[in-house]
Amino acid sequence: MGAEFRRGVRLAVDWGKARVGVAACDPDGLLAYPVETVPTGPGTVKRLTEICAEYDPIEVLLGWPVNLAGREGPAVRQMAEVADRLDAGLALPLRVVDERLSTASAARKLAASGKTSRSRRSIIDQAAAVDILEQALDYEKRTGRPAGCAWPQEG
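Structural notes, computed from the coordinates. Per chain, residues are indexed from 1 in the order of the written sequence. A pLDDT threshold of at least 70 governs which residues receive local features in this predicted model, and a stricter bar of 80 or more applies before side-chain atom pairs are shown or counted, although totals over entire chains, interfaces and linings include all residues. Computation of side-chain values covers all heavy atoms of the structure but excludes hydrogens and water.

Quick word on the side chain of Thr-44
Basically, it comes down to this: We count a stretch as a helix when DSSP gives it H or I for four or more residues in a row; a strand needs E for two or more, and each element gets its number in order from the N terminus. Polar contacts, as counted here, are pairs of nitrogen or oxygen atoms within 3.5 Å of one another; within protein the pair requires one atom able to donate a hydrogen and one able to accept it, and residues that are adjacent in sequence qualify only if both atoms are side-chain atoms.
Its location among the elements puts Thr-44 in helix 1 (residues 44–55). A distance of 2.8 Å separates the side chain of Thr-44 from the backbone oxygen of Pro-39, its partner in a polar contact. A distance of 2.7 Å separates the side chain of Thr-44 from the backbone nitrogen of Gly-41, its partner in a polar contact.

Looking at the environment of Val-96
Relative to the assigned elements, Val-96 resides in strand 5 (residues 94–98). Considering only alpha carbons, one finds Val-96 and Trp-151, 55 residues apart in sequence, at a separation of 6.6 Å.

Details of the sheet that holds strand 6 (residues 149–151)
Within a beta sheet, neighbouring strands are joined by backbone hydrogen bonds and run either parallel or antiparallel to one another. For clarity, the threshold we go by: Strands are treated as partners if at least two bridges between them are detected by DSSP. Think of each axis as a best-fit line through the C-alpha atoms, taken over the contacting stretch in the case of a helix, with angles from 0 to 180 degrees between the N-to-C directions. In what follows, residue pairs with any heavy atoms lying within 4.5 Å of each other are defined as contacts.
Taking strand neighbours across the sheet as the criterion, the six strands line up as 3-2-1-4-5-6 in an open arrangement whose pairing is mixed. Every interior strand has two partners, whereas the edge strands, strand 3 (32–39) and strand 6, have only one. The mean angle between the axes of side-by-side strands here comes to 30°, regardless of whether they run parallel or antiparallel. Its contacts with the sheet place helix 2 (residues 76–90) against strand 1 (10–15), strand 4 (59–64), strand 5 and strand 6, and it is angled at close to 170° to strand 4. Sheet strands in contact with helix 5 (residues 124–143) are strand 1, strand 2 (19–25), strand 3, strand 4 and strand 5, and its direction is about 40° off that of strand 2.

Geometric descriptors of this kind do not, in isolation, establish any biological role.
Quick look at the structure:
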């Protein structure tokens, strides 16, 4: 096992065309929970900056579009622009992490909890952000290394 788990709150962001789901965890990484769904638009980065000021995270994890084969999907160019905007606007370490199946997993969990498709629509992005964060926390606890890649990427 590598270095110990880095203590501190983390925020995860599931960026979509219409909405951005945000999740957070406690400083010990024991519980990831939904925070907010932010409409995608001109004020999105400003609202995420406000959320960061409230939660004071050690880093922000951005879901990265990886396909089932583990390769970067077609949305990578658009997400790279989002990552650049977040990196410039948040003034916090930003990591991009595999978001493969996060929305599908979140939808299954919400359906299993009895949520109707109509009620899931308003919280699916938050649930996907929780899934991204849980996977990143599990990876770091297992390996002692932060999940994903630091942004901006080197090379």
